[in-house]
Amino acid sequence: MSTTSALLVLRLVSEGVGVAKEIADLAKRVQAGDEITDAEIEQARNKVAESVANWDDASKQE
Amino acid sequence: MEDQIANLSDIEVTLTDLMMVLAVPISFAIQFIKALADKVEFFKAEEIRKSLFPMISIALTIGAYYIAGVQDFVIAGVVMGLAASGGYQAFSGSAKLIKPAATTAGVLLLCSILIFGCETFKSDPKAELLASQKTFSATVDSLTILQVAGKFSTEETEQLTVLIHQGQDYLIEWEGALKAGSTRPDAISLFQAVLDQLLEYELAKGGD
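Criteria and thresholds
- Residues numbered from 1 in each chain as written.
- Chains lettered and ligands numbered in written order.
- Predicted model: local features only at pLDDT ≥ 70, side-chain atom pairs only at ≥ 80, totals over all residues.
- Heavy atoms only, no water.
- Helix = DSSP H or I, 4+ residues; strand = E, 2+ residues; numbered from the N terminus.
- Buried < 20%, exposed > 50% of the residue type's maximum accessible area, 1.4 Å probe, protein only.
- Contact = heavy atoms within 4.5 Å.
- Areas by Shrake-Rupley, 256 points an atom, 1.4 Å probe, with all protein chains shown as cover.
- Axes fitted to C-alpha atoms, helices over the stretch in contact; angles between N-to-C directions.
- Parallel < 35°, antiparallel > 145°, perpendicular 65-115°, else oblique.
- Left-handed = near helix turned anticlockwise from the far one by under 90°.
- Nonpolar A, V, L, I, M, F, W, Y, C, P; charged D, E, K, R; others polar.
- Expected span 1.5 Å × (residues − 1).
- Buried area = accessible area lost by both parts, 1.4 Å probe.
- Salt bridge = Lys/Arg side-chain N within 4 Å of Asp/Glu carboxyl O.
- Polar contact = N/O pair within 3.5 Å; in protein donor to acceptor, adjacent residues only side chain to side chain.
- Core = buried A, V, L, I, M, F, W, Y, C linked by side-chain atoms within 4.5 Å.
- Phe/Tyr/Trp six-rings, centres within 6.5 Å; stacked < 30°, edge-to-face > 60°.

Counting secondary structure elements, chain B contains eight helices and three strands. N-terminal to C-terminal, the α/β element order of chain B is β-β-α-α-α-β-α-α-α-α-α. Counting the 208 residues in chain B, one finds 50% classified as buried. Here the contacts in chain B between residues at least 6 apart in sequence split such that 64% fall between residues at least 24 apart. Looking at chain B as shown, the accessible area adds up to about 9700 Å², and 58% of this sits on carbon and sulfur atoms.

As structure tokens, then:
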């Protein structure tokens with residue numbers, strides 16, 4: 001495996017680990033009866049917009 | 001929780017939240033072992049890899065499920081161990097299981113299964129939306145990493161751009177419907193279909 005491939009895998013893995021932990025934490029909060037706030041939804045919506053914008057930038061630079 | 005069912009020939013195993021969550025670190029452990037084995041010439045032979053990695057994966061999974069107190073840990077360990085290693089390719093004639101997915105795409109797929117197949121999230125519409133937003137962002141981010149690495153053709157990039165914008169639009173529609181008082185808007189199933197397609201692209205390009 002080349003260094004570039006290894007770095008690519010590492011970046012992908014860290015992305016996957018990050019979201020898996022967030023989803024697991026969220027499930028625990030729901031089971032504990034914790035309420036999800038509108039601010040959290042808004043923050044996640046902004047993160048979606050940022051991710052989509054990053055994709056658009058990357059695809060234009062192709 | 002609404003359990004998921006996986007079939008291996010005539011065998012049925014009920015997958016619980018705990019089993020799916022444990023499958024994530026097991027998948028990473030297998031990937032790590034595979035990466036280490038790549039450094040040793042002996043383990044590079046395809047015949048060795050095909051039989052060795054499923055065995056290691058099954059042993060790890062059975063052990064983890066035993067320690068975690070999973071019921072029917074042996075058969076559950078065999079099925080999930082094969083899934084974690086991709087080893088059921090060897091049983092392709094008789095096995096009917098999900099595509100082997102031990103990479104990030106596999107983790108995201110597990111997140112998606114957890115969100116849309118689990119009563120925990122169905123019981124809380126806001127949590128289901130939030131989890132979907134987070135999974136979608138991570139999916140788009142990892143697709144962007146693959147895009148920067150030049151993994152997609154121009155045609156694939158165009159198709160992905162359409163899907164990504166559709167996914168974002170469905171999430172906004174879903175959020176609006178929740179605010180308007182709807183608990184199960186149509187946007188959920190539409191979003192799920194888009195996410196599945198994005199994950200298929202990632203499985204194809206980001207898989208091992």
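In contact at an axis separation of 11 Å, helix α2 (residues 38–60) of chain A and helix α7 (residues 154–179) of chain B are set at 165° when each is read in the N-to-C sense. The orientation of α2(A) relative to α7(B) falls into the category roughly antiparallel. Crossing of α2(A) over α7(B) shows left-handed handedness. For the pair α2(A) and α7(B), the contacting residues are A:Ile41, A:Arg45, A:Val48, A:Ala49, A:Val52, A:Trp55, A:Asp56 and A:Ser59 in the first and B:Thr157, B:Leu160, B:Thr161, B:Ile164, B:His165, B:Gln168, B:Leu171, B:Glu175 and B:Lys179 in the second. Split into classes, the residues belonging to the contact of α2(A) with α7(B) amount to eight nonpolar, five polar and four charged.

So, on to α7(B). Compared with an ideal rise of 1.5 Å per residue, which puts 26 residues at 38 Å, α7(B) spans 38 Å between its outermost C-alpha atoms and is within 8% of the ideal. Count one or two residues on from α7(B) and you reach B:Gly181, which has phi positive near 105°.

What follows is about the environment of A:Ala58. With respect to the helices and strands, A:Ala58 occurs in helix α2. Given the relative accessible area of 12%, A:Ala58 is considered buried. When neighbours within four sequence positions are excluded, A:Ala58 is seen to be in contact with B:Thr144, B:Gln147 and B:Val148.

Interface extent is often summarised as the accessible area lost during association of the parts. Between chain A and chain B, the contact holds 34 residues from the first and 48 residues from the second. Interface of chain A and chain B: buried area, both sides summed, is about 3600 Å²; carbon and sulfur atoms make up 71% of it. Applying the counting rule to chain A against chain B returns four salt bridges. The shortest N-O distance in the salt bridge between B:Asp141 and A:Lys47 comes to 2.8 Å. Inspection of the chain A/chain B interface yields 10 residue pairs in polar contact (both at pLDDT 80 or more). Put simply, the parts of the chain that give the side of chain A that touches chain B at least two residues each are α1 (3–31) and α2 of chain A. Here the residues of the side of chain A that touches chain B sort into 18 nonpolar, six polar and 10 charged.

Okay, the side chain of B:Ser137 next. Here B:Ser137 lies in helix α6 (residues 125–148). For B:Ser137, the contacting residues outside a window of four places in its chain are A:Ala44, A:Lys47, A:Val48 and A:Ser51.

Counting residues in each nonpolar core, the largest one holds 39 residues, and the members touching the most others are B:Phe136, B:Leu143, B:Ile164, B:Trp174 and B:Leu198. Put simply, the parts of the chain that give this core at least two residues each are α1 and α2 of chain A together with α4 (104–117), α6, α7 and α8 (187–206) of chain B. The biggest single contributor to this core is α6(B), with nine residues. With residues near it in sequence (within four places) discarded, B:Ile164 still touches A:Val52, A:Trp55, B:Phe136, B:Val140, B:Leu143 and B:Leu198. Within the second largest apolar cluster, nine residues are counted, among which are B:Met19, B:Ala23, B:Ile26 and B:Ala76.

With that out of the way, let us pick up the pattern of salt bridges. Scanning the model with the defined rule gives seven salt bridges over all chains in all. Put simply, B:Lys134 and A:Glu22 hold a salt bridge, and the shortest N to O gap is 2.7 Å. Taken together, the residues span two chains, with B:Lys134 in helix α6 and A:Glu22 in helix α1. With relative accessibility at 25%, the residue B:Lys134 sits in the partly exposed group.

It is worth spelling out the packing of aromatic side chains at this point. Residue and element names in this part refer to chain B. For the structure on display, the rule yields four aromatic pairs over all chains. Aromatic side chains Phe152 and Tyr201 sit 6.5 Å apart centroid to centroid with 75° between the ring planes, which places their arrangement in the edge-to-face category. Placement of the pair is Phe152 in the loop between α6 and α7 and Tyr201 in helix α8, with a sequence separation of 49 residues. Of the two residues, Phe152 and Tyr201, neither departs from the other in class, the shared state being buried.

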